[in-house]
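# Inside the fold
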Amino acid sequence: MTLLDGKKTSEAIQNEIAAEVAAIKAKGGKIPHLAAVLVGNDGGSVTYVTNKVATCERIGFGSSLIRYEDTVTEEELLNKIKELNEDEEVDGFIVQLPLPKHIDTEKVIEAIDPKKDVDGFHPTNVGRMVAGLPAYLPATPAGILQLLQRYEIDTKGKHCVVVGRSNIVGTPMSILMAKGGYPGNATVTLCHRNTVDLAYHTRQADIIIVAVGQPGLITADMVKEGAVVIDVGTTRVPDASRKSGFRLRGDVDFDNVAEKCSYITPVPGGVGPLTIAMLMTNTLRASKKEVYG
Ligand code: NAP
């Protein structure tokens, strides 16, 4: 069994980006700039955004963090998005989700200029991805493709079972794995809450990608010998022995599943670190005007 080391892979990608930024700087070119909008004080969201900004600094990007209380109005937020759309210094920006209930998330996403939508959530980028046109790919599925590619895992003709159909992970993942090229060319099954006999499907899989948010959902009896298992799940479970009071658990019963796998991602240290690296990749592409010209 080989452990798919997301931390190491993420560092490699970030080092590649940092080298490119240094070269751009040396030539007097425009330094990529990422802006992040954070609403409220949710612990997870604050950590994610803080990490994103710190990563920008480390790899030589410019960054700005725009914070609002969770009482911010939809109008205020939409005005800020308009401003960021027009700000020539900002190459790409993200609005950290989830947003408070009184704000229409879809309206916010659709207000972002697709050219600056480095999360790849705008319907224009989703549509372009489906059509096989240049697009910003959502960071988590793009990170999983990087892991498969950098570990040279064969995907052609393989049966890939994706569990979970969110707009940010499961659905785009299923589309990308079914596309031509590498990684891709897989035969894909997409499972969700209404799937009858989930274990029947996962047992057929050469590659299982699970993004559900239910710790330990995938047990050893659900996995074929030699399968590749990618665990996107990150659920905070109470842990009194940690200073934070919690630890992260994946959707896979790692201890028992790992011994049956050819490759498996740990949680933490698997898919998670790649998400930030791919956000940085999208921001670099935005500053180089690679996607929309
Ligand atoms: P989500 O919006 O939370 O939706 C969960 C999905 O799982 C839904 O499609 C749901 O089906 C499906 N599901 C729930 N119970 C199921 C079951 N028993 N059997 C089969 N499918 C089931 O999904 P998400 O936003 O992709 O998040 C999933 C997990 O990934 C969470 O733990 C999240 O924290 C983690 N995550 C991690 C990263 C990272 O960077 N590592 C990034 C994003 C998400 P229905 O559609 O039928 O309701």
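The rules behind these values
- Residues numbered from 1 in each chain as written.
- Predicted model: local features only at pLDDT ≥ 70, side-chain atom pairs only at ≥ 80, totals over all residues.
- Heavy atoms only, no water.
- UniProt positions renumbered as here; feature names shortened; annotations may be inferred.
- Domains from an automatic or database assignment.
- Near = heavy atom within 4 Å.
- Polar contact = N/O pair within 3.5 Å; in protein donor to acceptor, adjacent residues only side chain to side chain.
- Areas by Shrake-Rupley, 256 points an atom, 1.4 Å probe, with all protein chains shown as cover.
- Pairing = 2+ DSSP bridges.
- Helix = DSSP H or I, 4+ residues; strand = E, 2+ residues; numbered from the N terminus.
- Axes fitted to C-alpha atoms, helices over the stretch in contact; angles between N-to-C directions.
- Contact = heavy atoms within 4.5 Å.
- 1 Å grid on protein atoms, 1.4 Å probe; cavity = no way out; pocket = protein on both sides within 12 Å on 5 of 7 lines; lining within 4 Å.
- Points joined across faces, edges and corners; volume = space filled by probe spheres on them.
- Nonpolar A, V, L, I, M, F, W, Y, C, P; charged D, E, K, R; others polar.
- Buried < 20%, exposed > 50% of the residue type's maximum accessible area, 1.4 Å probe, protein only.
- Expected span 1.5 Å × (residues − 1).

Looking up the protein chain in an unreviewed UniProt entry gives the name Bifunctional protein FolD, with the organism given as Pontibacter korlensis. Quoted verbatim from the Subunit (unreviewed entry) field of UniProt, the annotation for the protein chain is "Homodimer." Heading Sequence similarities (unreviewed entry) of the UniProt record for the protein chain holds this comment: "Belongs to the tetrahydrofolate dehydrogenase/cyclohydrolase family."

## Details of the domain arrangement of the protein chain
By a widely used convention, the size of an interface equals the accessible area lost when the partners come together. Assigned domains within the protein chain: domain 1 (25–116) and domain 2 (139–272). On a C-alpha basis, the centres of domain 1 and domain 2 stand 28 Å from each other.

## Some details on the site of the ligand
In the vicinity of the ligand lie 20 residues, with R165, S166, R193, Q214 and T275 positioned nearest. A distance of 3.0 Å separates an oxygen atom of the ligand from a polar side-chain atom of T234. Between an oxygen atom of the ligand and a side-chain N or O atom of T275, the distance comes to 2.8 Å. Starting from 920 Å² of accessible surface for the ligand in isolation, the protein chains cover 74%.

## Considerations on the sheet that holds strand β2 (residues 33–39)
The strand order across the open sheet formed by 3 strands is β3-β2-β4, and the pairing between neighbours is parallel. Where the open sheet ends on each side, the last strands, each with one partner, are β3 (62–68) and β4 (92–95). Recorded for the sheet is a direction-independent mean angle of 15° between the axes of neighbouring strands. Together, β2, β3 and β4 form the strand contacts of helix α3 (residues 74–86), whose direction differs from that of β3 by roughly 165°.

## A short note on the layout of surface pockets
As a volume, the second largest pocket reaches approximately 300 Å³. Partitioning the lining of the second largest pocket into residue classes produces 7 nonpolar, 6 polar and 2 charged.

## Observations regarding the sheet that holds strand β6 (residues 187–191)
Strand order in the open sheet formed by 6 strands is β1-β11-β8-β7-β5-β6, and the pairing between neighbours is parallel. On the outer flanks of this sheet lie β1 (2–3) and β6, each paired with one strand and no other. Of the pairings in the sheet, the one linking strand β5 (residues 159–163) to β6 comprises 5 bridges and is parallel in character. Residue pairing in the sheet places V161 in a bridge with T189 of β6. The strands that helix α7 (residues 170–178) touches are β5, β6 and β7 (207–210); relative to β6, the one it contacts most, it runs at about 170°.

## Structural notes on the UniProt feature "domain: Tetrahydrofolate dehydrogenase/cyclohydrolase NAD(P)-binding" (unreviewed entry) in the protein chain
Residues given the UniProt feature "domain: Tetrahydrofolate dehydrogenase/cyclohydrolase NAD(P)-binding" (unreviewed entry) here are residues 138–290. A helix fraction of 31% and a strand fraction of 18% characterise residues 138–290, whose end C-alpha atoms lie 16 Å from each other.

## Here we look at unusual backbone geometry
With an omega dihedral of -10°, the bond running from Y182 to P183 counts as a cis peptide bond. Among the secondary structure elements, P183 is positioned in the loop between α7 and β6. Cis rather than trans, the peptide bond between V267 and P268 has omega equal to -5°. Its location among the elements puts P268 in the loop between β11 (263–264) and α10 (272–287). The phi dihedral of D197 is positive, around 60°, even though this residue is not glycine. Taking the relative accessible area as the measure of exposure, D197 reaches 47% and is therefore partly exposed. Non-glycine residue K289 carries a positive phi angle of around 50°. Among the secondary structure elements, K289 is positioned in the segment after α10. Residue class for K289 comes out exposed when judged on its relative accessible area of 53%.

## Remarks on α10
For α10, built from 16 residues, the straight-helix expectation of 22 Å at 1.5 Å per residue is met to within 8% by its first-to-last C-alpha distance of 24 Å. Here α10 has its buried residues at L274, I276, A277, M278, L279, M280, N282, T283, L284, A286 and S287. Buried residues along α10 sit in contact with α1 (6–26), β2, α2 (43–59), β4 and α6 (139–150). Following α10 by one or two positions, K289 has its phi on the positive side, about 50°.

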